[in-house]
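Listed below are the residues making up each chain.
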Amino acid sequence: YAPRALRLRAWCLLKSGRKADAYAVFAQFDREQGNSAEGLANLLDWSRALMDAGDLNDARLQLEALITRAAETDAGQEARLWLAQVLIREKKTEKAWNSLDVLANDKVVRADRRAEAWLALAELNAVSTNFEAALTATARAIEVAPTRDLKRRGAITRGRLLVRLGKLEEGIAQWKSV
């Protein structure tokens, strides 16, 4: 139980506003647990805490470390998705797009993460006013999505994009299909 207790301690320190102490606990945990499943989960926790605090540079460094250690693991796949989110927030859209494209097209990646990557690509393309590419990405998200909720998110996004393209009736029909 010691590893779980240590991670819980880090979260308690965060909740009490003691970020530096929490980060020190995350770092200690990383040194002690390394590439174990708990160690990788710790890096995700640490990255999330850094992202929530707005420390994107350090969050990116932790996510990159996790990806380097265990890219093909469940935690590594999640880290790849989160890294793209950090890159978007850092306005590094080309790097984010490339990262998401690789993730979305990797058949080894879990279907839900591939769908999330396609939805993020749709948003990036829409921001760049590349609506046709955004529509294609939403179609791919809906296609690979393993859950009803992800398919619904894809359909809602697709409907919104169709409306923005002036295809009002088609967009409304897409929303009604949800």
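Everything below is about the structure shown above.
Note that this is a predicted model, so its numbers are computed, not measured.

Draft legend 1. Local environment of the packing of aromatic side chains. Throughout the structure, instances matching the rule amount to two aromatic pairs. Pairing Trp11 with Phe26 gives two aromatic rings, centres 5.9 Å apart and planes at 80°, and the pair type is edge-to-face. Highlighted residues: Trp11 in helix α1 (residues 2-15) and Phe26 in helix α2 (residues 19-33), separated in sequence by 15 residues. Using a relative accessible area of 24% as the deciding quantity, one classes Trp11 as partly exposed. Taking the relative accessible area as the measure of exposure, Phe26 reaches 0% and is therefore buried. Ring plane angle 15° and centroid distance 6.2 Å describe the contact between Phe26 and Trp46, whose orientation is recorded as stacked. With a gap of 20 residues between them, Phe26 in helix α2 and Trp46 in helix α3 (residues 37-52) connect regions that are remote in the sequence. With relative accessibility at 11%, the residue Trp46 sits in the buried group. Put simply, the rings of Trp11, Phe26 and Trp46 touch in pairs and so form one group of aromatic residues. Over the ring of Trp82 we find Arg48, and its NZ or CZ is 4.4 Å from the ring centre.

Draft legend 2. Spatial organisation of the pattern of salt bridges. This structure, assessed with the given rule, holds 16 salt bridges. Of the charged contacts in the structure, one is a salt bridge between Arg113 and Asp74, with a shortest N-O distance of 2.7 Å. With Arg113 in helix α7 (residues 111-127) and Asp74 in helix α5 (residues 74-89), the pair connects residues that are 39 residues apart, well separated along the chain. Given a relative accessible area of 6%, Arg113 falls into the buried group. Here the residues in one salt-bridge network are Asp74, Glu78, Arg110, Asp112 and Arg113, joined through shared partners.

Draft legend 3. How the structure looks around the packing of α7 against helix α9 (residues 148-164). Relative orientation of the contacting elements α7 and α9 amounts to 15°, with a least axis distance of 11 Å. Here α9 runs roughly parallel to α7, going by the angle between their axes. In this structure, the crossing between α7 and α9 has a hand that is left-handed. Residue-level contacts link Asp112, Ala115, Glu116, Leu119, Glu123 and Ala126 of α7 to Leu150, Arg153, Gly154, Thr157, Arg160, Leu161 and Arg164 of α9. Residues belonging to the contact of α7 with α9 are distributed by class as follows: five nonpolar, two polar and six charged.

Draft legend 4. Looking closely at a nonpolar patch on the surface. Taken together, the side chains of Ile156, Leu168, Ile172, Trp175 and Val178 define a hydrophobic patch exposed on the protein surface, amounting to about 410 Å² of accessible area. Looking at the nonpolar patch, the element that brings in the most residues is helix α10 (residues 168-176), giving three residues. Note on placement: Ile156 falls in helix α9. Judged by its relative accessible area of 41%, Ile156 falls in the partly exposed class.

Conventions we followed
- Residues numbered from 1 in each chain as written.
- Predicted model: local features only at pLDDT ≥ 70, side-chain atom pairs only at ≥ 80, totals over all residues.
- Heavy atoms only, no water.
- Phe/Tyr/Trp six-rings, centres within 6.5 Å; stacked < 30°, edge-to-face > 60°.
- Helix = DSSP H or I, 4+ residues; strand = E, 2+ residues; numbered from the N terminus.
- Buried < 20%, exposed > 50% of the residue type's maximum accessible area, 1.4 Å probe, protein only.
- Lys NZ or Arg CZ within 6 Å of the ring centre and 35° of its normal.
- Salt bridge = Lys/Arg side-chain N within 4 Å of Asp/Glu carboxyl O.
- Axes fitted to C-alpha atoms, helices over the stretch in contact; angles between N-to-C directions.
- Parallel < 35°, antiparallel > 145°, perpendicular 65-115°, else oblique.
- Left-handed = near helix turned anticlockwise from the far one by under 90°.
- Contact = heavy atoms within 4.5 Å.
- Nonpolar A, V, L, I, M, F, W, Y, C, P; charged D, E, K, R; others polar.
- Patch = residues over 30% accessible without salt bridge, like charges linked within 9 Å, V, L, I, M, F, W, Y side chains within 5 Å.
- Areas by Shrake-Rupley, 256 points an atom, 1.4 Å probe, with all protein chains shown as cover.

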